[in-house]
Amino acid sequence: MPRALNRFQQLNAVKLSGATGQLDAALSFLEKTAKEILPPGYSIDYTGESRQFRHEGGKFLPALMLSSS
């Protein structure tokens, strides 16, 4: 039983974390799998780098790499 109820944008939420060098492929896999297995009314959303990647369309990663140098 969870100790706390996580929320994101005022909705119940589950946080998935991971590291991958292929962010686009990982997010595409997550989206495809979620579409197949989540019941009607459930959705996915992103935070952090994943959210920025999806909203900025891949322009974020080159900027991140340049800023890390």
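A. Quick peek at the overall build of the protein. For the protein, the count of helices and strands is 3 helices and 2 strands. Counting all 69 residues of the protein, 10% fall into the buried class. Working note: accessible area of the protein is about 6200 Å², and carbon and sulfur atoms make up 56% of it.

B. Local environment of the pattern of salt bridges. On inspection of all chains with the given rule, the structure shows 4 salt bridges. In this structure, the salt-bridge partner of E31 is R54, at a minimum N-O distance of 2.8 Å. Of this pair, E31 sits in helix α1 (residues 23-37) while R54 sits in helix α2 (residues 48-56), and the two are 23 residues apart along the sequence. Looking at R54, the relative accessible area reads 27%, which means it is partly exposed. Across the pair D45 and R51 runs a salt bridge, and its minimum N-O distance is 2.8 Å.

C. How the structure looks around α1. Its 15 residues place the ends of α1 21 Å apart at the C-alpha level, agreeing with the 21 Å of an ideal helix rising 1.5 Å per residue. Three or more residues of α1 are buried, namely L23, L27 and A34. Axial view of α1: buried residues confined to an arc of 30 degrees, hence all on one face. Exposed side chains of α1 directed beyond 90 degrees from the buried face belong to F29, K32, E36 and I37. Looking at the buried side of α1, the elements it contacts are α2.

D. Local environment of the layout of surface pockets. Estimates place the volume of the largest pocket at around 1300 Å³. Lining the largest pocket are 33 residues, and of these V14, K15, L16, L30 and D45 lie nearest its centre. Mapped by element, the contributors of at least two residues to the lining of the largest pocket are β1 (7-8), β2 (11-12), α1 and α2. Per-element accounting of the lining of the largest pocket gives the leading share, 7 residues, to α1.

Calculation rules
Residues numbered from 1 in each chain as written. Predicted model: local features only at pLDDT ≥ 70, side-chain atom pairs only at ≥ 80, totals over all residues. Heavy atoms only, no water. Helix = DSSP H or I, 4+ residues; strand = E, 2+ residues; numbered from the N terminus. Buried < 20%, exposed > 50% of the residue type's maximum accessible area, 1.4 Å probe, protein only. Areas by Shrake-Rupley, 256 points an atom, 1.4 Å probe, with all protein chains shown as cover. Salt bridge = Lys/Arg side-chain N within 4 Å of Asp/Glu carboxyl O. Expected span 1.5 Å × (residues − 1). Arc of directions from axis to C-beta. Contact = heavy atoms within 4.5 Å. 1 Å grid on protein atoms, 1.4 Å probe; cavity = no way out; pocket = protein on both sides within 12 Å on 5 of 7 lines; lining within 4 Å. Points joined across faces, edges and corners; volume = space filled by probe spheres on them.

As far as function goes, none of this settles anything; it's purely spatial.
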